[in-house]
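Structure at a glance
Read off the chains here:
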Amino acid sequence: MIRSEVIVVGAGPAGMNAALHAANSECEVLLIDNGNRLGGQYWRHMPKERDSLNYSLHYDFAKAVKLRDAVLNHDKITVKSQAQIWSATANDKGVVLHALAPRNLGDLPTEIVFETQHLILATGAYDRALPFPGWNIPGVMTPGAAQSLLKGHGVVAGKKMVIAGTGPFLLPVASSLVEQGVEVVGLFEAHSPKRWVRHLSVLLSNLGKLFEGFHYAWILNRHAVRMKFGYAVVEAHASDAGILTAVTVARIRPDFTILVGSEKRIECDAAAIGWGFTPDTSLAGALGLPQKVDVDGAVVVSVDERQVALANSEMSVHAAGEVTGVGGSVLSLHEGALAGLSCALLRGKITEKQYRDSTKNIYAARLHAEKFARVLKDVYVVPDGWRNWVTPSTLICRCEEVSCGQVDAAVDELGARNSRDVKLFSRVGMGMCQGRVCGRNIAGYLGTDDADRIRNARRPIIAPITLGELAQDPLL
Amino acid sequence: MKRTADAVIVGAGIVGVTTALALTNAGFKVVIVDRGSVANGTTGSGEGNILVSDKEPGAELELAMRSRDGWFELALDVGDLDESGGFELEAKGGVVVSRSEDGLLHLLKLAQEQSKVGIDTRALSPSELLELEPNISKEIPGGVWYPQDAQCQPMLAAAKIMRVFRSRGGEFHRDTAVRKIRTQAIEGDLSVTGVETDQGDISTPLVVNATGTWAGDIAKMARSSLPIAPRRGFILVSVPAPHLIFHKVYDADYVANVASGAAELQSSAVVEGTRSGTILIGASRERVGFNSDLNVAILRQLAAQAIELFPILATVQLLRAYSGFRPFAPDHLPVIGEDATVKGLWHNVGHEGAGIGLSPASAQLIVEMITGQKTFMNPSAFSPGRFGNHE
Ligand SMILES: Cc1cc2nc3c(=O)[nH]c(=O)nc-3n(C[C@H](O)[C@H](O)[C@H](O)COP(=O)(O)OP(=O)(O)OC[C@H]3O[C@@H](n4cnc5c(N)ncnc54)[C@H](O)[C@@H]3O)c2cc1C
Ligand SMILES: Cc1cc2nc3c(=O)[nH]c(=O)nc-3n(C[C@H](O)[C@H](O)[C@H](O)COP(=O)(O)OP(=O)(O)OC[C@H]3O[C@@H](n4cnc5c(N)ncnc54)[C@H](O)[C@@H]3O)c2cc1C
């Protein structure tokens, strides 16, 4: 058993900044993350020998390096990388985390138990896929997967690629792929840029974001790639060997229904399609933290002003970053800072006055970033119209190969009404991903209420562990 | 909602739906109510084993033998000629093993007694065992083969039975919680006159309590009592790993655990492969109320015990784990019959870890009693009156 005054889970922008702020206020911090190196999803680094490439892949990598080095060099922070938390429990005295990790670098992973009275949860988000005919063909992936192939392994997903979906994240992905020599044969944003018109003032007060956008647009322009608006990939086609050969794109309305007759086929050998992000609430659910459904339909941890999700006189759980609502790296950084300082306050390391003095600017900055995040959620919403891209034979759950038609049958013939019924009757969401990919889509397909979405996002085993690893006595 | 019915069944678990279908087939106008949906209670966490192997000769084994055949009849009735009933019913057979020579002697003796009352049993040498289960540990001295043991997917079974029940005129109200059982003194006897739910009232002379682990609450609503308590069990589910385990295989210690009344944790390995390829690992038993917190120590013990039977499982990944609450009666026997003090209130509850397997025969028995027919077995061992008054 390893105890620490404060434990932070997740070494993305939120977790790193939380660790740094708590440690700067004299808390002993243990930072746990499942990656090989610090950074989280967006700043996920390549192996050291490719550090130079990181700069070309990230708009603001210098910022990431600065934060990473501050964390690594801090004598109050211990970093535990490659540690996957697979189970966790909370009671009124504290939190117990069961992780699978090498005891020393290079060892095989074994179980290690961590305990703390003050946890900061910063488990981030992963990108969202929507089902459509052919989405399960090898070669169709999310932009995040394409990017992590590139960042993590230096591999490009295809020679001729289509990039589609919605959200500002499509731009950096497309830019980094063209820079690596990929021919981007189509870049499609589902929404019209006119949706920004209502939010011009917010856009103008976020010039940094605008410049970041221009930066990517400039790279794309240099490679003669132009974004088309109001289109979505609605079908993918495979060769007899089952390999991706082409996709069909179509014009879609703001509610995501297809304009019939607008379809056209584009040859490609890979397609990266993403529909925003889904917060990773697995650990939060296992701990029984309060959750809610955000305006974008995602289940998130619900926190107060100070990023507190749960607290009593003896223990606390804070949450920061995407797990409390998708908002980008800047918002994540501010939330992390607030969580770290609030933890220090609860530990008595700083006074209420010091807390207020040091957080005043951060509160203002968080509010500013939140406003921008809300606008993004409005501009890049994902309405339920995708439900008419699917056919009865389209798989909705790839792991268990359950089709939309089978879900319909569970509803029409067996009387299923909610996610749990459908799962029990059709095996939807019971496979390898445990609903991480399909759970949100199934709730959307069924049109269920918030309580159902929150219940359905609960999975007590956070990550797979072999029975042999589980059977061994943990490190005590 | 219908305002009157010949019978109201409370609870749409496997026991409720099988009882409802049997009563409908006997000509009753039946309404089922459940505070959730079908298979919303313990049935939704059951493994679906239909076992004769784990019971000593006696009333429960008699019920189990009838029920095993009852499942195959039910499959034909609801399954549109599909022998699996559309709910994965399969006579896959059970393999019971012992890890010690001593235990094996005990097991062989039990099998001998079981075969006297008509159970098909066959002693297995280590090499025969390996033929049935190639991945089983070579350390195991032997076991017994029970070809009659079967399996189904209980949630699908409940849903399909419900569908046929409705197609025959039955009515189902989901999200409808029973709040009170109405009674009236008629000729000195307290008799049922209806149920009150949060969605309205239904007049009926006959209420069947099929609320499993929550049966005591319903009894109390009629000012009667039943000593049913939750006995928690955890199940581990692996990633799909087909062709590793072919039957239901369990350690003979399981029989002793099932029969124990102790509150503290007991566990023994119960391992089986399912049609979907996943491997299910049980079984723990403990009485900790309705606490569903994941307990890693129990998961660890279950994993270790399963690996002792099948070393190859050490490399298989655990995908999920869940717990459920078996409806436990102090003597481990189900409660089937009319309430000792309230006329018209019938109980079909308390099937503990065997409610899936025992449901068709329990339904048959209670309907035979309700309609005054000759019962296929003597039901006195299951009588609700056997506990006395627990108020
Ligand atoms: C592929 C991708 C690209 C993105 N690109 C951009 C971009 O260009 N610009 C932008 O502003 N935003 C981008 N985002 C959004 C991005 O998620 C956030 O901006 C930011 O990374 C969120 O920070 P975070 O600290 O909340 O979480 P993350 O950065 O996601 O970090 C969470 C960390 O926690 C770890 N973790 C989670 N659960 C466990 C567990 N059980 N055990 C151990 N470790 C665990 C994760 O592996 C991860 O390392 C991108 C997101 C993704 C997925
Ligand atoms: C881990 C585990 C594994 C198991 N494996 C097996 C196995 O392999 N084989 C086997 O035979 N058995 C097994 N069992 C046991 C089996 O699951 C139960 O015996 C069986 O499901 C009980 O069914 P039931 O219909 O009596 O109860 P339930 O399925 O619990 O149904 C009772 C219903 O009553 C409803 N209800 C309760 N109160 C009210 C109210 N006031 N108003 C309205 N509705 C109400 C509930 O919502 C519920 O749906 C297992 C159990 C567990 C926990």
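Residues numbered from 1 in each chain as written. Chains lettered and ligands numbered in written order. Predicted model: local features only at pLDDT ≥ 70, side-chain atom pairs only at ≥ 80, totals over all residues. Heavy atoms only, no water.

1. Structural notes on the overall build of chain B
Broken down by element type, chain B carries 9 helices and 20 strands. Whereas a compact globule of 391 residues would reach a radius of gyration of roughly 21 Å, chain B reaches 21 Å, a difference of no more than 12%. Its C-alpha atoms put chain B at 65 × 40 × 40 Å along the principal axes. When burial is assessed residue by residue, chain B has 61% of its 391 residues classed as buried. Within chain B, contacts between residues separated by at least 24 positions form 73% of all contacts whose residues are at least 6 apart in sequence. Summed over its atoms, the accessible surface of chain B is roughly 14500 Å², and 49% of this surface lies on carbon and sulfur atoms. Of the side-chain charges in chain B, 35 are positive and 45 negative, and the distance between the mean point of each set is 5 Å. (Helix = DSSP H or I, 4+ residues; strand = E, 2+ residues; numbered from the N terminus. Rg over C-alpha atoms; globule rule 2.2 N^0.38 Å. Buried < 20%, exposed > 50% of the residue type's maximum accessible area, 1.4 Å probe, protein only. Contact = heavy atoms within 4.5 Å. Areas by Shrake-Rupley, 256 points an atom, 1.4 Å probe, with all protein chains shown as cover. Lys, Arg positive; Asp, Glu negative; His and termini not counted. Charge placed at Lys NZ, Arg CZ, Asp CG, Glu CD.)

2. Section: the site of ligand 1
Residue and element names in this part refer to chain A. As a matter of local geometry, ligand 1 sits amid 31 residues, with Asp33, Asn34, Gln41, Glu322 and Ser329 nearest to it. Taking Asp33, its side chain carries an N or O atom lying 2.7 Å from an oxygen atom of ligand 1. Bound to the protein, ligand 1 loses 94% of the 970 Å² it would expose on its own. Put simply, the parts of the chain that give the shell around ligand 1 at least two residues each are helix 1 (13-24), strand 5 (84-91), helix 4 (143-153) and helix 9 (328-346). Here the shell around ligand 1 spans two domains, and each of domain 1 (2-126 + 278-376) and domain 2 (129-275) adds at least three residues to it. (Near = heavy atom within 4 Å. Polar contact = N/O pair within 3.5 Å; in protein donor to acceptor, adjacent residues only side chain to side chain. Domains from an automatic or database assignment.)

3. Looking at the interface of chain B and chain A
Think of interface size as the accessible area that goes away when the parts come together; that is how it is often given. Chain B puts 35 residues into the contact, and the matching count from chain A is 32 residues. Note on chain B versus chain A: buried area summed over both sides is about 2900 Å², and carbon and sulfur give 63% of it. Taken together, chain B and chain A are joined by 3 salt bridges. Of the charged contacts, one joins Arg174 of chain B and Asp421 of chain A as a salt bridge, the two residues approaching to 3.5 Å between their closest N and O atoms. Linking chain B with chain A are 14 residue pairs in polar contact (both at pLDDT 80 or more), by the criterion used here. Elements supplying a minimum of two residues to the side of chain B that touches chain A: helix 5 (154-167), helix 8 (296-309) and strand 17 (317-328) of chain B. If you tally residues by element for the side of chain B that touches chain A, the top one is helix 8 of chain B, at 6 residues. (Buried area = accessible area lost by both parts, 1.4 Å probe. Salt bridge = Lys/Arg side-chain N within 4 Å of Asp/Glu carboxyl O.)

4. Comments concerning the sheet that holds strand 4 (residues 77-80) of chain A
Residue and element names in this part refer to chain A. Spatially, the 6 strands line up as an open sheet ordered 4-3-2-8-22-21, and their pairing is mixed. The open sheet has two free edges, formed respectively by strand 4 and strand 21 (308-311), since each of these has just one partner strand. On average, each strand axis in the sheet is inclined to that of its neighbour by 15°, with strand direction left out of account. Pairing analysis gives 3 bridges linking strand 2 (residues 6-9) to strand 8 (residues 118-121), with the strands arranged parallel. Within strand 8, the residue paired with Val9 across the bridge is Leu121. Contacts from helix 1 reach strand 2, strand 3 (29-32), strand 4 and strand 8, with the element oriented near 170° to strand 3. (Pairing = 2+ DSSP bridges. Axes fitted to C-alpha atoms, helices over the stretch in contact; angles between N-to-C directions.)

5. Brief notes about empty space enclosed by the protein
Residues and elements named next belong to chain A. Applying the stated criterion across every chain yields a total of 2 cavities of 30 Å³ or more. Thr278, Val299, Arg440, Ala457 and Arg459 are the residues nearest the centre of the largest cavity, which is lined by 17 residues in total. Of all the elements in the fold, those that place two or more residues in the lining of the largest cavity are strand 18 (277-279), helix 13 (439-446) and helix 14 (450-456). By residue class, the composition of the lining of the largest cavity is 5 nonpolar, 7 polar and 5 charged. Built from parts of two domains, the lining of the largest cavity gets at least three residues from each of domain 1 (2-126 + 278-376) and domain 3 (388-457). (1 Å grid on protein atoms, 1.4 Å probe; cavity = no way out; pocket = protein on both sides within 12 Å on 5 of 7 lines; lining within 4 Å. Points joined across faces, edges and corners; volume = space filled by probe spheres on them. Nonpolar A, V, L, I, M, F, W, Y, C, P; charged D, E, K, R; others polar.)

6. Remarks on the packing of helix 1 of chain A against helix 9 of chain A
Residue and element names in this part refer to chain A. The interhelical angle for the contact between helix 1 and helix 9, taken along N-to-C directions, is 30°, at an axis separation of 7 Å. Looking at the two axes, helix 1 sits roughly parallel to helix 9. As for how helix 1 packs across helix 9, the hand of that crossing is right-handed. In this structure, helix 1 uses Pro13, Ala14, Asn17, Ala18, His21 and Ala22 to contact helix 9, whose residues at the interface are Ser329, Ser332, Leu333, Gly336, Ala337, Gly340 and Leu341. Classifying every residue of the contact of helix 1 with helix 9 by side-chain character gives 7 nonpolar, 6 polar and no charged. (Parallel < 35°, antiparallel > 145°, perpendicular 65-115°, else oblique. Left-handed = near helix turned anticlockwise from the far one by under 90°.)

7. Notes on the site of ligand 2
All names here are of chain B. By nearness alone, 36 residues border ligand 2, and Asp34, Asn40, Thr43, Glu352 and Gly357 come closest of all. Asn40 places a polar side-chain atom, nitrogen or oxygen, 2.6 Å from an oxygen atom of ligand 2. At a separation of 2.6 Å, an oxygen atom of ligand 2 approaches a polar backbone atom of Glu352. Among the elements of the structure, helix 1 (14-25), strand 13 (229-238), strand 17 and helix 9 (355-370) are those that each provide at least two residues to the shell around ligand 2. A total of 4 residues in the shell around ligand 2 trace back to one element, the largest contributor, which is strand 17.

8. Some details on the sheet that holds strand 7 (residues 109-116) of chain A
Across a sheet, strands are paired by hydrogen bonds formed along the backbone, either parallel or antiparallel in direction. Taken together, the 4 strands give an open sheet; going across it, the order is 1-7-6-5 (chain A), and neighbouring strands pair in mixed fashion. Since the sheet does not close on itself, it has two edges, and those belong to strand 1 (2-3) and strand 5 of chain A, each with one partner. Packing against the sheet, helix 8 of chain B makes contact with strand 5, strand 6 (94-102) and strand 7 of chain A, and its axis sits at approximately 135° to strand 5 of chain A.

9. A few points about the side chain of Lys55 of chain B
All names here are of chain B. Relative to the assigned elements, Lys55 resides in the loop between strand 3 (49-50) and helix 2 (59-78). A polar contact is formed between the side chain of Lys55 and the side chain of Asp54, at a distance of 2.8 Å. Ignoring any residue separated from it by four or fewer positions in sequence, one finds Lys55 in contact with Glu60, Leu61, Ala64, Gln114, Ala354 and Leu358.

10. With respect to the packing of aromatic side chains
All names here are of chain A. Scanning the model with the defined rule gives 11 aromatic pairs over all chains in all. Judged by centre distance (5.8 Å) and plane angle (55°), the rings of Phe188 and Tyr231 are tilted. One end of the pair, Phe188, is in strand 12 (residues 183-189); the other, Tyr231, is in strand 14 (residues 231-238), and 43 residues separate them in sequence. In this structure, Phe188 and Tyr231 share a single accessibility class: buried. (Phe/Tyr/Trp six-rings, centres within 6.5 Å; stacked < 30°, edge-to-face > 60°.)

11. Some remarks on the pattern of salt bridges
In total, this model carries 37 salt bridges over all chains according to the counting rule given. As a salt-bridge pair, Asp294 of chain A and Lys377 of chain A come within 2.9 Å of each other at their nearest N and O atoms. With Asp294 of chain A in the loop between strand 19 (291-293) and strand 20 (299-301) and Lys377 of chain A in helix 10 (residues 352-379), this residue pair connects regions lying 83 residues apart in the sequence. Overall, Lys377 of chain A belongs to the buried group, its relative accessible area being 15%. In this structure, Glu413 of chain A engages Arg163 of chain B in a salt bridge whose closest nitrogen and oxygen atoms are separated by 3.3 Å.

12. Here's the deal with the pairing of strand 10 (residues 189-197) of chain B
Residues and elements named next belong to chain B. Here 8 bridges tie strand 9 (residues 178-186) to strand 10, and the two strands are oriented antiparallel to one another. Residue pairing in the sheet places Ile181 in a bridge with Val195 of strand 10. What sits between the antiparallel neighbours strand 9 and strand 10 is a turn of 2 residues, in which Glu187 has the positive phi angle 50°. Summarising the sheet, strand 10 and strand 11 (residues 200-203) pair through 4 bridges and their orientation is antiparallel. When the sheet's bridge partners are listed, Gly194 is paired in strand 11 with Ser203. Between strand 10 and strand 11, which follow one another and run antiparallel, lie 2 residues.

13. A few points about the nonpolar core
By size, the foremost hydrophobic cluster in this structure holds 117 residues, and its most contacted members are Val247, Trp389 and Phe425 of chain A together with Ile14, Ile32, Trp71 and Phe87 of chain B. Examining the composition of this core, we find that 9 residues originate from one element, helix 5 of chain B, more than from any other. Filtering out sequence-adjacent residues up to four positions away, Phe87 of chain B remains in contact with Trp71, Ala75, Val78, Cys152, Gln153, Leu156, Ala157 and Lys160 of chain B. (Core = buried A, V, L, I, M, F, W, Y, C linked by side-chain atoms within 4.5 Å.)

14. Focus on the domain arrangement of chain A
All names here are of chain A. Structurally, chain A comprises domain 1 (2-126 + 278-376), domain 2 (129-275) and domain 3 (388-457). Averaged C-alpha coordinates put domain 2 and domain 3 at centres separated by 26 Å. Domain 2 puts 15 residues into the contact, and the matching count from domain 3 is 10 residues. Counting each side, the surface lost to burial between domain 2 and domain 3 is near 1100 Å², with a carbon and sulfur contribution of 66%. When the buried surface of domain 2 facing domain 3 is broken down by residue, Pro131, Pro133 and Trp135 rank first, second and third, together holding 46% of it. Our count for the contact surface shared by domain 2 and domain 3 stands at 0 salt bridges. At 3 residues, the largest contribution of residues to the side of domain 2 that touches domain 3 is made by strand 14. A breakdown of the residues in the side of domain 2 that touches domain 3 according to their chemical character gives 13 nonpolar, 2 polar and no charged.

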